[in-house]
Amino acid sequence: MATTDRQATTLALAHALSAAERGLAVIPLSRTKLPALRSPHRGAPQPAGPACHGECGRFGHGVHDASTDPARIRALFAAAPRATGYGIACGLPPYHLIGVDLDTKTGADSSAALRELALRHLFTIPATVVVLTPSGGRHLWLSGPPDAVVPNSAGRLAPGIDIRGAGGYLVGPGSRTAHGTYTAAPGTAHLPPATCPPALLRMLLPPPRAHHPTPPSTGGHGQGLVQFVLAAHEGQRNTRLFWAACRAYEDGIGPALADSLVDAARATGLSEREARATIASAARMTAH
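(A) Region of the structure containing the overall build of the protein. In terms of regular secondary structure, the protein is built from 8 helices and 12 strands. In terms of overall size, the protein behaves like a compact globule, its C-alpha atoms giving a radius of gyration of 21 Å where 288 residues would be expected to give roughly 19 Å. Each of the three principal axes of the protein carries a C-alpha extent, and together these read 60 × 50 × 35 Å. Counting across all 288 residues of the protein, residues that qualify as buried make up 43%. Nonlocal contacts in the protein, meaning residues at least 24 apart in sequence, comprise 72% of its contacts between residues at least 6 apart.

Listed below in structure tokens is the structure:
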């Protein structure tokens, strides 16, 4: 590895340790902005139950590896000698970080779109940490309440505005990527993440769903399947829903549990149409 790469890794580790001192959980990133450690489960059969989030004790589970413990962070970087940056996990205490990513690659004026939203919904973005991206975009760091789970989204608020919430991460300032270095905007590096304005937070949270209790006939197993779907992160929502629906139909409670599974899937961000199509596929699969 070239000297410059070793220097970049050392510098990234120093920045990551500094962030951890502020209570921010971090992971090493590669030049592509992806987690620098590969999954220890790559090539293994897809598990029948919930995916491993580090319960196996090994590194390589993406944002689930994130830590504020200096010894663990050094171990993560030692296992990822080509890391040139670090990611900051969102949604974790003490800040329950929410990242507002004002992108420029779409050609949309995301900053103007945010100002328009602020005028329309009567909120202002307080002074907070602002990270400048190599492409000319900006990341705004906000702090959310501990009882609110903000999902990740892309372009849902407006074109060019992406949100990093629970299960997501932000590229930390000082990280070097294939396209350049992320830097803190002057005067913002040592600010704490400002509290997310309530009006903005309401727009970031999923819409409230109608409460449809799981029918008593499905029992505790049915409730467990619903909770399994509710715990899905972006990228695993359909997979979890399909698995839960298959188990429900195999156990003879599929029809009784279908509406509750749809509600759970909608709470994770799937549309009702997508959810019902996935459940119908599970019903056909188990019938065969």
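(B) Inspection of the packing of helix α7 (residues 254–268) against helix α8 (residues 272–287) at higher detail. Between α7 and α8, the shortest axis-to-axis distance is 9 Å and the interhelical angle comes to 135°. With respect to α8, the axis of α7 lies oblique. Once α7 is placed against α8, the crossing between them reads as right-handed. When α7 is examined against α8, the residues Ala258, Asp259, Leu261, Val262, Ala265 and Arg266 are found in contact with a partner set consisting of Glu272, Ala275, Arg276 and Ile279. Considering only residue class, the contact of α7 with α8 consists of 6 nonpolar, no polar and 4 charged.

(C) Quick peek at the pattern of salt bridges. Here the structure, examined in full by the defined rule, presents 7 salt bridges. One salt bridge in this structure joins Glu250 and Arg247, with 2.9 Å as the shortest N-O distance. Residue Glu250 and its partner Arg247 are located together in helix α6 (residues 237–250), separated by 3 residues, close to a single helical turn. For Arg276, the salt bridge goes to Asp259, with nearest N and O atoms at 3.0 Å. Of this pair, Arg276 sits in helix α8 while Asp259 sits in helix α7; the two residues are 17 residues apart in sequence, bridging distant segments of the chain.

(D) Just the environment of Ala199, in detail. Tracing the backbone through its elements, the reader meets Ala199 in helix α4 (residues 198–204). With relative accessibility at 13%, the residue Ala199 sits in the buried group. For the pair Ala199 and Thr124, spaced 75 residues apart in sequence, the C-alpha separation works out to 9.4 Å. If we ignore the near neighbours within four places in the chain, the residues touching Ala199 are His121 and Phe123.

(E) Spotlight on empty space enclosed by the protein. Evaluated as defined, the whole model comprises 1 cavity of 30 Å³ or more. By volume, the largest cavity is sized at about 40 Å³. Looking at the largest cavity, the residues that line it are Ile27, Pro28, Pro35, Ala36, Leu37, Gly60, His61, Gly62 and Asp65. Grouping the amino acids of the lining of the largest cavity by side-chain chemistry returns 5 nonpolar, 3 polar and 1 charged.

(F) Spotlight on the sheet that holds strand β1 (residues 26–29). Taken in spatial order, the 3 strands line up as β1-β2-β8 in an open sheet, and their pairing is antiparallel. Bordering the open sheet on either side are β1 and β8 (169–171), each of which pairs with just one other strand. Within this sheet the neighbouring strands show an average axis-to-axis angle of 35°, counted without direction. As paired elements, strand β2 (residues 85–89) and β8 share 3 bridges and run antiparallel to each other.

(G) Expanded view of the pairing of strand β7 (residues 161–164). Sheet analysis places strand β3 (residues 97–102) next to β7, joined by 4 bridges and oriented antiparallel. Following the sheet pairing, Asp101 is matched in β7 by Asp162. Sheet analysis places strand β6 (residues 153–154) next to β7, joined by 2 bridges and oriented antiparallel. Bridge pairing links Ala154 to Asp162 in β7. Counted along the chain from β6 to the antiparallel partner β7, the turn is 6 residues long, and its residue Gly155 has a positive phi close to 75°.

(H) Quick look at the side chain of His61. When you line up the elements, His61 lands in the loop between β1 and α2 (70–79). The buried category is assigned to His61, whose relative accessible area is 9%. Only 3.1 Å separates the side chain of His61 from the side chain of His41, close enough to count as a polar contact.

Criteria and thresholds
Within each chain, residue numbers correspond to sequence positions counted from 1 in written order. With the structure being a predicted model, the display of local features is reserved for residues of pLDDT at least 70 and the display and counting of side-chain atom pairs for 80 or more, all residues being used for whole-chain, interface and lining totals. The side-chain figures draw on all heavy atoms in the structure; neither hydrogens nor water molecules are used. Numbered from the N terminus, helices here are DSSP runs of H or I no shorter than four residues, and strands are runs of E no shorter than two. It is over C-alpha atoms that the radius of gyration is taken, and the globule rule equals 2.2 Å times the number of residues to the power 0.38. Three exposure classes are used, based on accessible area relative to the maximum for each residue type with a 1.4 Å probe and protein chains only: buried under 20%, partly exposed in between, and exposed over 50%. Contacts are residue-level and defined by heavy atoms, with any inter-residue pair within 4.5 Å sufficient. Only C-alpha atoms enter the line fits that serve as axes; for helices the fit covers just the stretch in contact. Angles between N-to-C directions range over 0 to 180 degrees. Roughly parallel means an angle under 35 degrees; roughly antiparallel, over 145; roughly perpendicular, 65 to 115; everything else is oblique. It is the rotation of the near helix from the far one that decides the hand of a crossing: anticlockwise by less than a right angle makes it left-handed, clockwise makes it right-handed. Under the grouping applied here, Gly and all other residues not named as nonpolar or charged are polar, the nonpolar ones being Ala, Val, Leu, Ile, Met, Phe, Trp, Tyr, Cys and Pro and the charged ones Asp, Glu, Lys and Arg. Salt bridges, as used here, are contacts in which a Lys or Arg side-chain nitrogen is within 4 Å of a carboxyl oxygen on Asp or Glu. Grid points spaced at 1 Å and placed over the protein atoms alone form the basis of the search, with a cavity being a set where a 1.4 Å probe fits but cannot get out and a pocket an open set showing protein on both sides within 12 Å along at least five of seven lines. Lining residues have an atom within 4 Å of a point. Grid points are joined across faces, edges and corners, and a volume is the space filled by probe spheres set on the points. At least two DSSP bridges between two strands are required for those strands to pair. Think of a polar contact as two N or O atoms within 3.5 Å of one another; within protein, one of them needs to be a possible hydrogen donor and the other a possible acceptor, and neighboring residues in sequence only count if both atoms come from side chains.

Distances and angles like these do not, on their own, reveal function.
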